[in-house]
Amino acid sequence: MTFTSPSPAVGSGYASFDAVAGLDPDRAEPLLLLDRARPGKLISGTVLLGVTGSLLLTVMATGAGAILVTDPLLSGGPLSWIRYGHGQQLATAGLYLGAGMLIWAWIRLGRDVLAGTATAQQVKVAAGVWLTPILFSPPLFSRDAYSYLGQGALALRGMDPYQVGPSKLPPGVIADNVHYVWQTTPAPYGPMFIFIAKAMNWLTGDNLILGVIGMRLVLLSGLALLIFALPRLADLVGGDPACALWLVLANPITIVHLVGGPHNDLLMIGLVATGTLLVLHRRHAGGMALLTVAMAVKASAGIALPFLVWIWAAHLPGNQRSRLLRAGACSMAVFLAVFTGITAISGVGLGWIPALDTPSLIVNWMSLPTAAGELSHVMVSPFVEVSERPFVLVFRVLGMAVFLAVFGWQWWLARDGGPQTVRRAAIALLWGTLLAPATLPWYFSWALALGAVLTLPRRLLGWVVVGSIWMALCTYPTGEAAFGSWSYQLGLVAVSLTGGSALLRKDPLSLRRRAPAVSAAAPQQAAATR
């Protein structure tokens, strides 16, 4: 695939990459592996690099990913070696190599985006090419897809997924493949997603391979919504459309987790972004309806909804109080009508509300309150023998109180209802992720979906790259937690920091050796000494 790179965008706010890196484009340098020979022709090589990594990820995931307990395509066949022993070790190494190639391609693409030589259309094509092989891979870095199908199977069989877990299913392939943590837990998702999972189980039955692929295809509707909404949101709030698409669409978090997982957060953030766009365009009821559907997928979308009430209010006549009351009443009416309809169609009740605390079973230090609780326990345990649980619970309650304060403050600061309301909503979503009782890597996509459309400082973009690389790989490909392996995490942090630096510096590890400058008189002096 070959693209013709346009000239840098005038007035985009982004200088050329070579200028930022402090390099002289006219000075010849030896090329690093996979570097481009001509600065203006990066895109085609980057797409090839990324799709090679994506293909490698897909193939090696058959042995190293979150594979089925008994795979009907591989078990007992000539390729079964990839699931065991040295074959699985080789697959794991190949999977990480593929992930590294994909991440490096994303960074290279980001360089051209910042230089103004990659258009929004080129970013969309590159991301689409990279995503395509992942659609057919086993689940990556998570076994949540099997839980989704298990919850759908419960609903299809007339059981309430908000009351019982997949362990209540008849013995079989679905129950066997749900992670043990979620075997007895109720579904924490809204009625819309339960309806989707139920329909997918009806279509695919006990064929989990088709079920996972089908779930991905349905959740890709969220990706389509992001493709539609992000560039338009960026134009409205003064951001860069190509940068927004690069940060979200081509991000390793999206490819590896949201699509590779897959995770229903992809559909949720697509609905949130599109709903926000509609409200900004004065299609208030439609935007609120989409936010309501997003909440019916995953309740976290509700963090953004109150901010859109301010935008609706800003479009109404009258004083601020009357506008807020009218916009709030209309928003509530839309919410109740849409959510009631979805609940009726899905055939489930409101049991998802008490089930929202199900993810709190996860205890890892990605959640700041949980990390504070674990650290406090470590400091006290040498002196007093006590369980960790009370410490975690106390700090989670404190974390919720801090979040409510941050949320309220950001909501009040958004009262003018202008484009900056999007920024306030993104900040609230970020703090909602950090201060949640339990946090998983793909939760950071909530804030990224809205934050990416803003004008972000170059240094902050580097830190976004650092975080994205770390979060893409901070769990094992099998879906098991890796937070207890400090050597793994520290090595990943080093790789992530290098990746963030590589976005802004062409040679972050100083691997190039500049040829010493040779004066024009040097050859004459050398000849004179002979």
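If you're wondering where the values come from, they're calculated on a predicted model, not measured in any experiment.

Quick notes on the rules
- Along each chain, residues carry numbers from 1 onward, in the same order as the chain's sequence is written.
- Since the coordinates come from a predicted model, pLDDT governs what is reported: local features require at least 70, and pairs of side-chain atoms require 80 or more to be given and counted, while whole-chain, interface and lining totals use all residues.
- Excluding hydrogens and water, the side-chain figures rest on all heavy atoms present in the structure.
- Helix and strand assignments follow DSSP, with helices taken as H or I runs no shorter than four residues and strands as E runs no shorter than two, numbered in order from the N terminus.
- A simple rule labels every residue: compare its accessible area, found with a 1.4 Å probe on the protein chains alone, to the largest value its type can have, and call it buried under 20%, exposed over 50%, or partly exposed in between.
- We call two residues contacting when some pair of their heavy atoms lies within 4.5 Å.
- Only the protein chains shown count as cover for residues, and all accessible areas are computed by the Shrake-Rupley method using a 1.4 Å probe.
- Among buried residues, the Ala, Val, Leu, Ile, Met, Phe, Trp, Tyr and Cys ones that are joined through side-chain atoms within 4.5 Å form a nonpolar core.
- Summary of the metric used: pLDDT quantifies the predictor's per-residue confidence within the range 0 to 100.
- Aromatic rings from Phe, Tyr and Trp, taking only the six-membered ring of Trp, are treated as a pair when their centres fall within 6.5 Å; an angle between ring planes under 30 degrees marks them as stacked, one over 60 as edge-to-face, and anything in between as tilted.
- The term salt bridge refers to a side-chain nitrogen of Lys or Arg lying within 4 Å of a carboxyl oxygen of Asp or Glu.

Asker: Provide a residue-level description of the overall build of the protein, including the pertinent values.
Answerer: When helices and strands are counted, the protein shows 21 helices and zero strands. Within the span of the protein, comprising 530 residues, buried residues form 54% of the whole. By sequence separation, contacts in the protein at least 24 residues apart represent 74% of the contacts at least 6 residues apart. Within the structure as shown, the protein displays about 22,900 Å² of accessible surface, and the carbon and sulfur contribution to it stands at 67%.

Asker: Got a sec to walk through the nonpolar core? Specific residues and values, please.
Answerer: In summary, soluble globular proteins display a tendency toward joint burial of nonpolar side chains. In terms of nonpolar packing, the biggest core is built from 153 residues, with Trp130, Met215, Trp246, Leu247 and Val453 touching the most fellow members. The biggest single contributor to this core is helix H3 (residues 85-115), with twelve residues. Other than its neighbours up to four places away in sequence, Trp130 contacts Thr46, Val47, Gly50, Val51, Ser54, Leu102, Ala105, Trp106, Leu109, Ala250 and Ile255.

Asker: Which residues make up unusual backbone geometry, and what are the values?
Answerer: Residue Pro262 is reached from Gly261 by a cis peptide bond, and omega for that bond is -15 degrees. Positive phi, close to 60 degrees, is recorded for Phe141, a residue that is not glycine. Considering the arrangement of structural elements, one finds Phe141 in the loop between helix H4 (120-134) and helix H5 (144-156).

Asker: Describe the confidence of the model for the protein, and please don't skip the residues or the numbers.
Answerer: Per-residue confidence for the protein gives a mean pLDDT of 86, with 87% of residues at or over 70. Overall, residues 1-42 carries pLDDT values under 50, and its contacts beyond four positions in sequence, including any with other chains, amount to 80 contacts. Confidence drops under a pLDDT of 50 for residues 515-530, and excluding neighbours within four residues, the segment shows two contacts in the predicted structure.

Asker: Can you lay out the packing of aromatic side chains for me, pointing to particular residues and giving the numbers?
Answerer: With the rule as written, the count across this model stands at 16 aromatic pairs. For the pair Trp365 and Phe483, a centre-to-centre distance of 5.3 Å together with 80 degrees between the ring planes defines the contact as edge-to-face. Of this pair, Trp365 sits in the loop between helix H14 (320-346) and helix H15 (368-380) while Phe483 is found in the loop between helix H19 (458-473) and helix H20 (486-504), placing the two residues 118 residues apart along the sequence. Assessed through its relative accessible area of 8%, Phe483 is described here as buried.

Asker: Which residues make up the side chain of Lys298, and what values do they have?
Answerer: Position of Lys298 among the secondary structure elements: in the loop between helix H12 (284-297) and helix H13 (305-314). Not counting residues within four places of it along the chain, the set of residues in contact with Lys298 comprises Tyr189, Asn264, Asp265, Met268, Tyr443 and Trp446.

Asker: Now, about the pattern of salt bridges: what can you tell me, with residues and values included?
Answerer: Scanning the model with the defined rule gives one salt bridge in all. We note a salt bridge from Asp265 to Lys298, for which the minimum N-O separation is 2.9 Å. Of this pair, Asp265 sits in helix H11 (residues 265-280) while Lys298 is found in the loop between H12 and H13, placing the two residues 33 residues apart along the sequence. The two residues Asp265 and Lys298 agree in class, both being buried.

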